[in-house]
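Structural overview
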Amino acid sequence: MNTLSLLAQGFSVALQPINLLWALAGVTLGTAIGVLPGLGPALTIALLLPITFKVDPTAAFILFAGIYYGAMYGGSTTSILLNTPGESATIVTALEGNRMAKNGRAGAALCTAAIGSFVAGTIGTIGITVLAVPVVEFALTFGPAEYFSLMVLCFVTVSAVLGRSAVRGLTCLFFGIVLGMIGIDNQTGQARFTFGILELLDGINVLIVAVGLFAVGETLWLAFHRKRKDEVLAIKDSIWMSREDWARSWKPWLRGSLIGFPIGAMPAGGAEIPTFLSYWLERRLSSKPEEFGTTGAIEGVAGPEAANNASAAGVLIPLLALGLPTSATAAIMLSAFQSYNINPGPSLMLQRPELVWGLIASLYVGNIMLLVLNLPLIGLWVKILRIPPPLLYGGILVFATIGTYGISRSTTDLIILYVMGGIGFLMRRYDFPTAPVIIGMILGPMAEQNFRQALTISNGSLMTFIERPTSLILLLIAVIAVAAPHLWGLLQRRRTAPA
Amino acid sequence: MTPDWSRYRRAPAFGNVAVGVGVVALAGVLALQVLVIPSSPLYARVGPTVFPWIAVTALGALGVVLAIQGFLGGWAHEEPPGPTDAAGGLWFLGGLVVQVATIEWIGFILASTLLVVCTARAFDSTRIVRDALVGFALATIAYIGFDKLLGYRIGSGLVESLISRIF
């Protein structure tokens, strides 16, 4: 396998006029929806899953990749101008970006966020390009036992290590795994968790769960509380940066990218940690630390925005090379692959290079489109922020219900959607993370399948997971990831306790 | 919004206890569902009930831990964006019920228009005509996109049959 020739093949796919149009549609839609407060890329892609019915896979993935990157750009606009972070990864951008906007520097903040996203997205995409082939070659040595252990590691990190609470994260993970098991077991043909409801025999579509948790749950949460009027800050300065802004931005962009990409590429995913790390680092390194938390420091926007976008690119490595989704968005993209009967992973890279490399090449193209869309056309996106909330949330529900109702034309599915919305409301209320539900739902059945295959190969011996070295190492990392913070805390307490 | 950890309470947080009890109850109901799965040891080495039991047992245990955490003072969570607005919430829920109840009778477009009007009302809108018009337009666009362009069958209804005569 030769990376450059594969990439060239990818560009020959991505640069076809029709695919350029799909990429443009994706980045435009992604930005528009990313701008809307409370709506992230996971929900957008879930809402668009039905198009996989008609559109060929290459085009659909170019569209999804555009949405994925576009929503990242759009989210930063909302954080800066509205201080209502659309998703957890843009919290940090809101910290400094909103302060800059209040001080009449919204244009500079938007500019450094957009260019930083471009720099990080491009570095991240180069990272994908370089790492894809080696990771695939490594993954080709994996058997079912290794895959199962890798999934265990992923389960542990997304639910127990990264969130605020291991107990709540794991609760959501196992809830998701149960959701994923609903329906006919594909190995033995037995119905599971169907409660005697005929419609459940086919399982629950991930679209319904994602839209229920993210769109209906979020809307329900907002509807049940008296609304605060969020003011959209005006852009008073020009959308460009002064010489000083450039000087203060370029290093944070690079540092943020270097922090974000590896963390995103690890089988843990998540953009929260790299953005906070980058914020902490820039605050320490800044020549004007007094601007942090007061007038707003441009480094505090540039670094975390880059980290956010680079980690989003990193997440695509385990998704494309291993078939392992490590974020809610990646899990939904995986289910889109599955609806074409395509299973991402090393064999896909070998058998359908035009699909995977077309997607990677379109990430380069989409990034350039996004830079153009987000700088000169920023005024357009600000208009979206001014849509009156009653119409905005009404419209979201229309599109949430047509996706659900369109799959099966059954009111049962609508009721499941609204039950999921209720659960999403409670999860929001009691601080339960939503990503583990989606990841558990998609990855749970895959883990079960690999577990069964591994035991079939080993003649039923559970020792296979420990005897195979790669599998053992993956499981050990999972154990360490869970135990290390607790051990560390115990040691600290010992040390501080008077002897 | 970052949680304010200093707000950790010491008195039992009954909301949190209820969440824990709810998770245990869910695990109980799910366990009853696992019991009705006929296990077939001849089929596969790992039967269809192994993973369900793992998940259900874990959920039950986690629910117990959550309830204990609640009794010990609970966990900090995000403050609501404002005081509770029961009327808004009821309008919203009412809209969902109306849509589910009417969608098979009057069709997706009109049922969704009602949904938009109720949702907008939940968000303090008083301009019913505007909301209905926007809702109707959006629902029609969604219908045409899904039914006519993507080939999903959204079903018939009062407006739908009219559109089908045009396209």
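Note that the structure is predicted; figures quoted are calculated from it, not measured.

Secondary structure assignment for chain B yields 6 helices and 0 strands. The N-to-C order of helical and strand elements in chain B reads α-α-α-α-α-α. Counting the 167 residues in chain B, one finds 37% classified as buried. Residue pairs at least 24 apart in sequence account for 64% of intrachain contacts in chain B once pairs closer than 6 positions are excluded.

This part takes up the overall build of chain A. Each helix and strand in chain A was counted, giving 21 helices and 2 strands. In terms of overall dimensions, chain A has C-alpha extents of about 70 × 65 × 55 Å along its principal axes. Look at the contacts in chain A between residues 6 or more apart in sequence, and 81% of them connect residues 24 or more apart.

Further remarks concern helix α1 (residues 14-35) of chain B. For an α-helix, the turn length of 3.6 residues means that residues three or four places apart are oriented alike. Given a rise of 1.5 Å per residue, 22 residues ought to cover 32 Å, and the 31 Å separating the end C-alpha atoms of α1(B) matches this to within 8%. Turning to α1(B), its buried residues number three or more, namely B:Asn16, B:Val19, B:Gly20, B:Val23, B:Ala27, B:Leu30 and B:Val34. What you see down the axis of α1(B) is that its buried residues fit within an arc of 95 degrees, all on one side. Opposite the packed face of α1(B), turned more than 90 degrees from it, sit the exposed residues B:Phe14, B:Ala25, B:Val29, B:Leu32 and B:Leu35. Against the buried residues of α1(B) lie α8 (166-181) of chain A together with α2 (50-71) of chain B.

So, on to the nonpolar core. Counting residues in hydrophobic clusters, the biggest one holds 211 residues, and the most contacted among them are A:Val209, A:Ala210, A:Val211, A:Ile332 and A:Ile438. When neighbours within four sequence positions are excluded, A:Val209 is seen to be in contact with A:Leu179, A:Ile204, A:Met420, A:Val437, A:Ile438 and A:Met441.

On to the interface of chain B and chain A. Taken together, the contact pairs 64 residues of chain B with 57 residues of chain A. Secondary structure elements with two or more residues in the side of chain B that touches chain A: α1, α2, α3 (86-106), α4 (108-122) and α5 (128-149) of chain B. The element that contributes the greatest number of residues to the side of chain B that touches chain A is α2(B), accounting for 9 residues. Its residues assigned to classes, the side of chain B that touches chain A shows 40 nonpolar, 17 polar and 7 charged.

As a further point, take the packing of helix α17 (residues 389-408) of chain A against helix α18 (residues 411-429) of chain A. Helix-helix packing is characterised by the crossing angle of the two axes and by the distance between the axes. All names here are of chain A. Where α17 meets α18, the axes come as close as 8 Å, and the angle between the chain directions of the two elements is 145 degrees. When the axes of α17 and α18 are compared, the crossing they make is right-handed. Packed against α17, whose contacting residues are Thr 401, Thr 404, Tyr 405, Ile 407 and Ser 408, the element α18 presents Asp 413, Leu 414 and Leu 417 at the interface.

Here we take up unusual backbone geometry. Negative phi values dominate among residues other than glycine, just as trans dominates among peptide bonds. Residues and elements named next belong to chain A. For Phe 195, which is not glycine, the phi torsion reads 50 degrees and is therefore positive. Looking at the secondary structure, you find Phe 195 in the loop between β2 (191-192) and α9 (206-223). C-beta crowding within 10 Å serves as the criterion here: with 12 such atoms nearby, Phe 195 is assigned to the exposed category. Phi is positive for Asn 341, close to 60 degrees, though the residue is something other than glycine. Note on placement: Asn 341 falls in the loop between α13 (328-339) and α14 (346-351).

Let us now look at the environment of B:Gly88. Mapped onto the elements, B:Gly88 comes out in helix α3. A tally of 22 C-beta atoms within 10 Å means that B:Gly88 is categorised as buried. C-alpha of B:Gly88 to C-alpha of B:Cys118: the two residues are 30 residues apart in sequence and 9.2 Å apart in space. Apart from residues no more than four positions distant in its own chain, B:Gly88 is found in contact with A:Ala223, A:Phe224, B:Ala122 and B:Phe123.

This paragraph deals with the confidence of the model for chain B. Averaged over chain B, the pLDDT score is 85; the fraction of residues at 70 or greater is 89%. For this predicted complex, the interface confidence reaches an ipTM of 0.89, while the overall pTM sits at 0.89.

Time to look at the environment of A:Lys102. With respect to the secondary-structure elements, A:Lys102 resides in helix α5 (residues 91-102). Along the sequence, A:Lys102 and A:Met420 sit 318 residues apart, while their C-alpha atoms lie 38 Å from each other.

In this fold, A:His225 is placed in the loop between α9 and α10 (243-265). Using a count of 17 C-beta atoms within 10 Å as the deciding quantity, one classes A:His225 as partly exposed.

All names here are of chain A. One can describe the packing of helix α1 (residues 3-14) onto helix α15 (residues 353-374) by two numbers: an axis separation of 7 Å at closest approach and a directional angle of 75 degrees. When the interaxial angle is binned, α1 and α15 end up roughly perpendicular. Contact with α1, carried on its side by Leu 6, Leu 7, Gln 9, Gly 10, Phe 11, Val 13 and Ala 14, involves Pro 353, Glu 354, Trp 357, Gly 358, Ile 360, Ala 361, Ser 362 and Val 365 of α15 and no other residues of that element. Among the residues making up the contact of α1 with α15, the classes are represented as 10 nonpolar, 4 polar and 1 charged.

Let's shift gears to the confidence of the model for chain A. Mean pLDDT over chain A stands at 87; residues scoring 70 or higher make up 97%. Here helix α21 (residues 469-496) of chain A stands out as the element of chain A with the lowest mean pLDDT, 83, in contrast to α8(A), whose mean of 94 is the highest.

The rules we used
- Residues numbered from 1 in each chain as written.
- Chains lettered and ligands numbered in written order.
- Predicted model: local features only at pLDDT ≥ 70, side-chain atom pairs only at ≥ 80, totals over all residues.
- Helix = DSSP H or I, 4+ residues; strand = E, 2+ residues; numbered from the N terminus.
- Buried ≥ 20, exposed ≤ 12 C-beta atoms within 10 Å, placed from the backbone.
- Contact = placed C-beta atoms within 7 Å.
- Expected span 1.5 Å × (residues − 1).
- Arc of directions from axis to C-beta.
- Core = buried A, V, L, I, M, F, W, Y, C linked by C-beta atoms within 7 Å.
- Nonpolar A, V, L, I, M, F, W, Y, C, P; charged D, E, K, R; others polar.
- Axes fitted to C-alpha atoms, helices over the stretch in contact; angles between N-to-C directions.
- Left-handed = near helix turned anticlockwise from the far one by under 90°.
- pLDDT = per-residue confidence, 0-100.
- Parallel < 35°, antiparallel > 145°, perpendicular 65-115°, else oblique.

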